[in-house]
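# Summary of the model geometry
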Amino acid sequence: MTGYTDEHAAAGMDAELPAIETWPNHYQGREYTIEITCPEFTSVCPKTGLPDFGTLHVRYQPAGRCIELKSFKLYLHAYRNLGIFQENIVNRVLEDLVKAASPVEATVEGNFAARGGLTTYVEASYSRESGFAGG
């Protein structure tokens, strides 16, 4: 054990974040995909307090609602000073996106910059058919 606690693991998971707003999808029933990339994503390691940098890539097939981009940008910006593990970021973003827009399917990928010579890539998925992958 290297001093990581349950509190570190849960850090940021219940943080109050700005709402992700949506707008009506007028192309319901048509299969198409929306991709959003945030190449300058930042957060903070809950153990060390050091900044984490990465690229978040969101891909979803909308159903009745689409994500409003300005609110999504403000939502992602709120992570800037939030202590949260990279794995939790990807899963929380996915859960919040699904809660806001109820897409047919969605995937969130986090490609985090090297720290100590290691990079981290995290991917989490959801589909209406099977729910959250692995959950």
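Located above this text is the structure these notes cover.
Right, let's walk through the structure included here. No experiment lies behind these values; they were computed from the predicted model shown.

### Quick word on unusual backbone geometry
- Here the phi dihedral of Ser 102 falls at roughly 45 degrees; this positive angle occurs in a residue that is not glycine.
- Relative to the assigned elements, Ser 102 resides in the loop between helix H3 (86–101) and strand S5 (105–115).

### A closer look at the sheet that holds S5
- The five strands lie next to each other as S2-S3-S5-S6-S7, forming an open sheet whose pairing is antiparallel. Unpaired on one side and paired on the other, strand S2 (34–44) and strand S7 (131–132) mark the two borders of the sheet.
- Pairing geometry for S5 and strand S6 (residues 118–127), over nine bridges, is antiparallel. Counted as the bridge partner of Arg 115 is Leu 118 from S6.

### Notes on the pairing of S6
- Hairpin connection, S5 to S6: the antiparallel pair is bridged by two residues, and Gly 116 has positive phi, about 65 degrees.
- Taking the residues between adjacent antiparallel strands as the criterion, S6 and S7 are bridged by three residues.

### Brief notes about the packing of helix H2 (residues 69–77) against H3
- It is at 12 Å that the axes of H2 and H3 come closest, and there the two elements cross at 150 degrees. On the basis of the axis angle, H2 is roughly antiparallel to H3. In this structure, H2 crosses over H3, and the sense of that crossing is right-handed. Where H2 approaches H3, its residues Phe 72, Tyr 75 and Leu 76 are matched on the opposing element by Arg 92, Val 93 and Asp 96.
- In the contact of H2 with H3, the residues fall into four nonpolar, no polar and two charged.

How each quantity is defined
Residues numbered from 1 in each chain as written. Predicted model: local features only at pLDDT ≥ 70, side-chain atom pairs only at ≥ 80, totals over all residues. Heavy atoms only, no water. Helix = DSSP H or I, 4+ residues; strand = E, 2+ residues; numbered from the N terminus. Pairing = 2+ DSSP bridges. Axes fitted to C-alpha atoms, helices over the stretch in contact; angles between N-to-C directions. Parallel < 35°, antiparallel > 145°, perpendicular 65-115°, else oblique. Left-handed = near helix turned anticlockwise from the far one by under 90°. Contact = heavy atoms within 4.5 Å. Nonpolar A, V, L, I, M, F, W, Y, C, P; charged D, E, K, R; others polar.

Everything listed here is a matter of geometry and, on its own, says nothing about what the molecule does.
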